[in-house]
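Here is what each chain is made of, one letter per residue.
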Amino acid sequence: MSSPDINEDDIALVTEILRSGQLSIGPYLEKFEALIADYVGARHAVAVANGTAGLHLCMRLAGVDDGGEVITSPFSFVASANCILYERGKPVFVDIDEESLNIDTRLVEAAITARTRAILPIHVFGQPADMDRLNAIATRHSVTVVEDACEALGSEYKGRKVGTFGQAAVFAFYPNKQMTTGEGGVVVTDDPEWAKALRSLRNQGRAEMGGWLTHDRLGFNYRLDEMSAGLGVSQLSRVESLLGQRSAVAARYHEALKRIPGVRPIMPCGGTTRMSWFVYVVRLDDGLPREDIAQHMAAQGIPTRNYFPPIHLQPFYRRDYGYRPGQFPIAERVSATTLALPFHGRLNDQDIERVCDGLARAINAVAPACAGAAV
Ligand SMILES: Cc1ncc(COP(=O)(O)O)c(C=O)c1O
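Given the structure is predicted, the values throughout are model-derived calculations rather than measurements. (Residues numbered from 1 in each chain as written. Predicted model: local features only at pLDDT ≥ 70, side-chain atom pairs only at ≥ 80, totals over all residues. Heavy atoms only, no water.)

A. Region of interest: the nonpolar core. The biggest cluster of nonpolar side chains holds 46 residues, and the ones touching the most others in it are Phe-32, Ile-36, Ile-71 and Phe-171. At the level of secondary structure, the elements contributing two or more residues to this core comprise helix 1 (8-20), helix 2 (27-40), strand 1 (44-48), helix 5 (131-140), strand 8 (168-172), strand 9 (185-189), helix 7 (226-236) and helix 8 (239-257). In this structure, Phe-171 is in contact with Val-40, Gly-51, Ala-149, Cys-150, Ala-152, Leu-153, Val-162, Gly-163, Gly-185, Val-186 and Val-188, ignoring residues within four places of it in sequence. Ile-260, Ile-302, Leu-341 and Ile-352 belong to the second largest nonpolar core, which has 29 residues in total. (Core = buried A, V, L, I, M, F, W, Y, C linked by side-chain atoms within 4.5 Å. Buried < 20%, exposed > 50% of the residue type's maximum accessible area, 1.4 Å probe, protein only. Helix = DSSP H or I, 4+ residues; strand = E, 2+ residues; numbered from the N terminus. Contact = heavy atoms within 4.5 Å.)

The following block contains the structure:
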């Protein structure tokens, strides 16, 4: 489905770090943080072990407590709601907009209560959420906004990079992301108090000036090691080229898919002035049997994924929190009709043709009524 873009410079730098003997809390962590802050346009960056850890710390700092509510989207990777549960908070799901696939800002205000602690929009698949409207609502109700930008490094909303709109934002660098650190994530914020607290929380609750075995608060081990930070430094030095390659692959997919009836790519929309492509997802027309198409493609050796099953319908959300089908109809409908195709920056024209031919063949085989998909 995806493949990290690792070059000889990445390998050389990580090897050098291994040889240095300083494998944690070293110069590359600081370098990586400074470079990310500069790239995103935020005052502070605090690197963490993964995106989920970053979101968890933000929920803690936003004051999410037992029963504290956080308004978010059900159409996302499960971690964006789990981070609320870690603090015994309650994810308050709001349905999505059918075009952007992001939280429907028209429904957000009605979901705010006296217990609302935060709004957590997700820039899903790299498409920025409507941050102007969300921030206006948040300001009216004095609620904290945290951006889940895990899928959106480099995306721009109305000409400005995501990660600069909320009180804080989280990026993630798992190997399927636009750039990778292996496992890894970063929280960016303009607030020096948040930055200080994040540094303490990720480091077992140690204070900035305290001793190694003095713990100011209950913290976590959410540190990012030096090899990961070094890989991040190396990857970030060519991030624009990585994003450019992914964008070119997406453009080739758009072209190749035009000949396949019933298949619609997800396109930049609304305030998106730059889409940083995380995955390449298409929507299938109603009536096209997604599972059969995916199976037919798998039989041809082409993997696909149903990004994303709605979070509220995950087995433990249904079992432990009582969610059921029908509560968020748009997210559920979108979820049933989306298919992620293999995607990374080094797919060539031949690879893309092969995937699109495979998709056309699958549709012709399982839905002959939609035949006409040119193979
Ligand atoms: C929207 C979203 N939030 C959070 C995460 C969690 O990031 P990580 O896997 O680094 O913990 C991901 C990762 O895929 C994600 O896509």
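The discussion continues.
B. Expanded view of unusual backbone geometry. Residue Phe-308 is reached from Tyr-307 by a cis peptide bond, and omega for that bond is -15 degrees. When you line up the elements, Phe-308 lands in the loop between helix 9 (290-299) and helix 10 (315-321). The backbone of Ile-25 sits at a positive phi, close to 45 degrees, despite the residue not being glycine. Residue placement: Ile-25 occurs in the loop between helix 1 and helix 2.

C. Examining the UniProt feature "active site" (unreviewed entry) in the chain more closely. Using the residue numbers shown here, the UniProt feature "active site" (unreviewed entry) corresponds to Lys-177. Topologically, Lys-177 is positioned in the loop between strand 8 and strand 9. Classification of Lys-177 by relative accessible area gives buried; the value is 13%. Apart from the residues lying within four places of it in its own chain, the contact partners of Lys-177 are Cys-150, Glu-151, Ala-172, Arg-246 and Phe-278. (UniProt positions renumbered as here; feature names shortened; annotations may be inferred.)

D. Representation of a nonpolar patch on the surface. Where nonpolar side chains cluster on the molecular surface, the patch consists of Ile-25, Trp-212 and Leu-213 and spans about 360 Å² of accessible area. Tracing the chain through its elements places Leu-213 in the loop between helix 6 (192-202) and helix 7. Here Leu-213 falls in the exposed class, since its relative accessible area comes to 72%. (Patch = residues over 30% accessible without salt bridge, like charges linked within 9 Å, V, L, I, M, F, W, Y side chains within 5 Å. Areas by Shrake-Rupley, 256 points an atom, 1.4 Å probe, with all protein chains shown as cover. Salt bridge = Lys/Arg side-chain N within 4 Å of Asp/Glu carboxyl O.)

E. A look at the domain arrangement of the chain. You can read the domains of the chain as domain 1 (8-236) and domain 2 (240-370). Each of domain 1 and domain 2 has a C-alpha centre, and these two points are 26 Å apart. Both faces considered, domain 1 and domain 2 share a buried interface measuring about 3,200 Å² in area, 61% of it formed by carbon and sulfur atoms. On inspection of domain 1 and its partner domain 2, the count reaches two salt bridges. Between Glu-98 and Arg-333 there is a salt bridge, with its nearest N and O atoms 2.5 Å apart. (Domains from an automatic or database assignment. Buried area = accessible area lost by both parts, 1.4 Å probe.)

F. Fine view of the site of the ligand. Around the ligand, 13 residues are found, and the nearest of them are Gly-51, Thr-52, Asp-148, Glu-151 and Lys-177. Between the ligand and the protein, one listed contact pairs a nitrogen atom with a side-chain N or O atom of Asp-148 at 2.7 Å. Within the side chain of Glu-151, one N or O atom sits 2.6 Å away from an oxygen atom of the ligand. When the ligand is considered free in solution it has 390 Å² of accessible area, and contact with the protein chains removes 91% of it. Per-element tally for the shell around the ligand: the top contributor is helix 3 (residues 51-61), with three residues. Per-class residue counts for the shell around the ligand are six nonpolar, four polar and three charged. (Near = heavy atom within 4 Å. Polar contact = N/O pair within 3.5 Å; in protein donor to acceptor, adjacent residues only side chain to side chain. Nonpolar A, V, L, I, M, F, W, Y, C, P; charged D, E, K, R; others polar.)

G. Structural view of the UniProt feature "modified residue: N6-(pyridoxal phosphate)lysine" (unreviewed entry) in the chain. Mapped onto the present numbering, the UniProt feature "modified residue: N6-(pyridoxal phosphate)lysine" (unreviewed entry) falls on Lys-177. At 3.5 Å, the side chain of Lys-177 forms a polar contact with the side chain of Asn-176.

H. Fine view of the pairing of strand 5 (residues 144-148). In terms of residue burial, strand 5 counts as a mostly covered element, since four of its five residues are buried. Where strand 4 (residues 116-120) and strand 5 come together, two bridges link them in parallel fashion. Its bridge partner lying in strand 5, Ala-118 is registered against Thr-144. Between the parallel pair strand 4 and strand 5, the chain is carried across by helix 5, and the sense of this crossover is right-handed. Sheet analysis places strand 5 next to strand 8, joined by three bridges and oriented parallel. Residue pairing across strands places Val-146 opposite Ala-168, the latter belonging to strand 8. (Pairing = 2+ DSSP bridges. Right-handed = clockwise from strand over helix to strand, strands pointing away.)

I. Just the sheet that holds strand 2 (residues 69-72), in detail. Strand order in the open sheet formed by seven strands is 1-9-8-5-4-2-3, with mixed pairing between adjacent strands. Two strands bound the open sheet, and with one partner strand each, they are strand 1 and strand 3 (90-93). Neighbouring strand axes in the sheet, compared pairwise and without regard to direction, differ in orientation by 25 degrees on average. Sheet topology note: the strand 1/strand 9 ladder contains five bridges and is antiparallel. In the strand pairing of strand 9, Ala-45 is matched with Val-188. Here helix 2 sits on the sheet in contact with strand 1, strand 8 and strand 9, set at roughly 130 degrees to strand 1. Contacts between helix 5 and the sheet are confined to strand 4 and strand 5, with strand 5 contributing the most and set at about 155 degrees to the helix. (Axes fitted to C-alpha atoms, helices over the stretch in contact; angles between N-to-C directions.)

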